[in-house]
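# Architecture and fold: a report
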Amino acid sequence: IEYHKKAIAVNPDWEAAYLNKFRALLLKNAKTSLARKEINKFIKITHEGHIQYQIMLNIYDRKYNKAYKEALNSIPYAFTWIGERSLYLGNLSKLLNDEEKAYKYFDCAIKELNLELNANPDNAEIHSLIGLAYAGKCNKVEAVEDGERAVKIAVTQKNKILESEMIINLAEIYTKLCMFDEAIKIVKDSLVNPSLFSTKILKLDPVWLPLLETPKMKKIIADNNDKILTL
């Protein structure tokens, strides 16, 4: 966080510095209020809405109806990849207990993301998002296949940040499919090794709630918190 602050001081117009600080704040303390301030600065610099980050924060704050309306009123091009909007709407429909609507959105996301994949066949992020959409539909084979494919691509590209993101997404896929042992192995490794993950995010993002209920995960979090307290 201190280095991101220095980066902003050196170049106040550099968008990435604000976004990196935003992510670091969430990883460190899970305070969405601080993260929102950073995104507001980000919006002033870029003059764009960056709707996906605002939706994410509302999900973290359990404001599902607000997040759903924001996603519904947004345009597909407001997201990094066309298909992400449908994926958000599918996830939010599930959180709002509308399974029928969720499945329709997941189907839409898969179609849209596959069109993106035609132009970017070796894009790890797109494969990962398709895997998450399949996991939302509980299509185990397809979900795991795309999730694992995303990790393999990231590894071959020797991009550690991308690799960390794809590994966490794979754990999310496993969690959605109730493959808790597989998810816990990834989460445990991500908590003890350098990664874009933390126990704070684990508790903040509702996608992990089923995993948090398992005795294994409760013990891992307790052990991890004990180590942090002794630092």
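Structure: see above.
The shown structure was predicted, so the numbers you read here are calculated from the model rather than taken from an experiment.

### Side note on the overall build of the chain
Along its length, the chain carries 14 helices and zero strands. Counting helices and strands in the order they occur from the N terminus, the chain gives α-α-α-α-α-α-α-α-α-α-α-α-α-α. The C-alpha atoms of the chain give a radius of gyration of 17 Å, which matches the 17 Å a tight globule of 231 residues would have. With respect to the three principal axes, the spread of C-alpha positions in the chain is 45 × 45 × 40 Å.

### Considerations on the pattern of salt bridges
Tallied over the full model, the rule gives 14 salt bridges. A salt bridge links arginine 23 to glutamate 165, with the nearest nitrogen and oxygen atoms 2.9 Å apart. Of this pair, arginine 23 sits in helix 2 (residues 15–29) while glutamate 165 sits in helix 10 (residues 160–176), and the two are 142 residues apart along the sequence. Owing to a relative accessible area of 31%, arginine 23 belongs among the partly exposed residues under this scheme. Note that lysine 185 and aspartate 189 form a salt bridge whose closest N and O atoms lie 3.6 Å from each other. Of the two residues, lysine 185 and aspartate 189 both sit in helix 11 (residues 180–192), four residues apart, roughly one turn of that helix.

Basis of the calculations
Residues numbered from 1 in each chain as written. Predicted model: local features only at pLDDT ≥ 70, side-chain atom pairs only at ≥ 80, totals over all residues. Heavy atoms only, no water. Helix = DSSP H or I, 4+ residues; strand = E, 2+ residues; numbered from the N terminus. Rg over C-alpha atoms; globule rule 2.2 N^0.38 Å. Salt bridge = Lys/Arg side-chain N within 4 Å of Asp/Glu carboxyl O. Buried < 20%, exposed > 50% of the residue type's maximum accessible area, 1.4 Å probe, protein only.

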